[in-house]
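A look at the structure
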Amino acid sequence: MQSNETTTTQANPIDLSDVKAALLMAVDLGYEVIKEVAQKPIETGEDVAKKACEEGKKVVEKGVGAAKEHPLATLLIAFGLGFLVVKLLKRK
């Protein structure tokens, strides 16, 4: 009876090359899925950064336009802000 069990165990050896191929395929598929999933937030982040840059440029242009229209008010505001910063920095 033991010889029969030994024969069945030896008749079904595990082929490691098939296991290796299956694991490599699973890793490749996992890599592709992760790459695809990670790409969407990256693209969205790029779009948001571009929009923020464009909006920032618009705000700066408005600020420059306001400063050119009201130069005296701009100087007084800059002086006042500088005075406040100096006062805050001198505090201990």
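Keep in mind that what you see is a predicted model, and the values were worked out from it rather than measured.

1. Describing the overall build of the protein chain
When its secondary structure is counted, the protein chain shows 3 helices and 0 strands. N-terminal to C-terminal, the α/β element order of the protein chain is α-α-α. Considering the protein chain as a whole, with its 92 residues, one finds that 0% of them fall into the buried category. Only carbon and sulfur atoms are counted for the fraction: they give 67% of the accessible area of the protein chain, which is about 8,900 Å².

2. With respect to the UniProt feature "transmembrane region" (unreviewed entry) in the protein chain
Mapped onto the present numbering, the UniProt feature "transmembrane region" (unreviewed entry) falls on residues 72–89. Here residues 72–89 is 100% helix and 0% strand, with 26 Å between the C-alpha atoms at its ends.

3. Points about the pattern of salt bridges
A side chain with one charge may pair with a side chain of the opposite charge, provided their charged atoms come close. Taken as a whole and assessed by the stated rule, the structure comprises 1 salt bridge. One salt bridge connects E55 with K58, and the closest N-O pair in it is separated by 3.6 Å. Taken as a pair, E55 and K58 lie in helix α2 (residues 16–69) at a separation of 3 residues, close to a single helical turn.

4. Concerning a nonpolar patch on the surface
Together, I77, F79, L81, F83 and L84 line one region of the surface with nonpolar side chains, adding up to about 570 Å² of accessible area. Relative to the assigned elements, L84 resides in helix α3 (residues 71–90).

5. Comments concerning the confidence of the model for the protein chain
The pLDDT averaged across the protein chain works out to 85; a share of 85% of its residues lies at or above 70. When mean pLDDT is compared element by element in the protein chain, α3 scores highest at 93, while helix α1 (residues 2–11) scores lowest at 52.

Conventions used here
- Residues numbered from 1 in each chain as written.
- Predicted model: local features only at pLDDT ≥ 70, side-chain atom pairs only at ≥ 80, totals over all residues.
- Heavy atoms only, no water.
- Helix = DSSP H or I, 4+ residues; strand = E, 2+ residues; numbered from the N terminus.
- Buried < 20%, exposed > 50% of the residue type's maximum accessible area, 1.4 Å probe, protein only.
- Areas by Shrake-Rupley, 256 points an atom, 1.4 Å probe, with all protein chains shown as cover.
- UniProt positions renumbered as here; feature names shortened; annotations may be inferred.
- Salt bridge = Lys/Arg side-chain N within 4 Å of Asp/Glu carboxyl O.
- Patch = residues over 30% accessible without salt bridge, like charges linked within 9 Å, V, L, I, M, F, W, Y side chains within 5 Å.
- pLDDT = per-residue confidence, 0-100.

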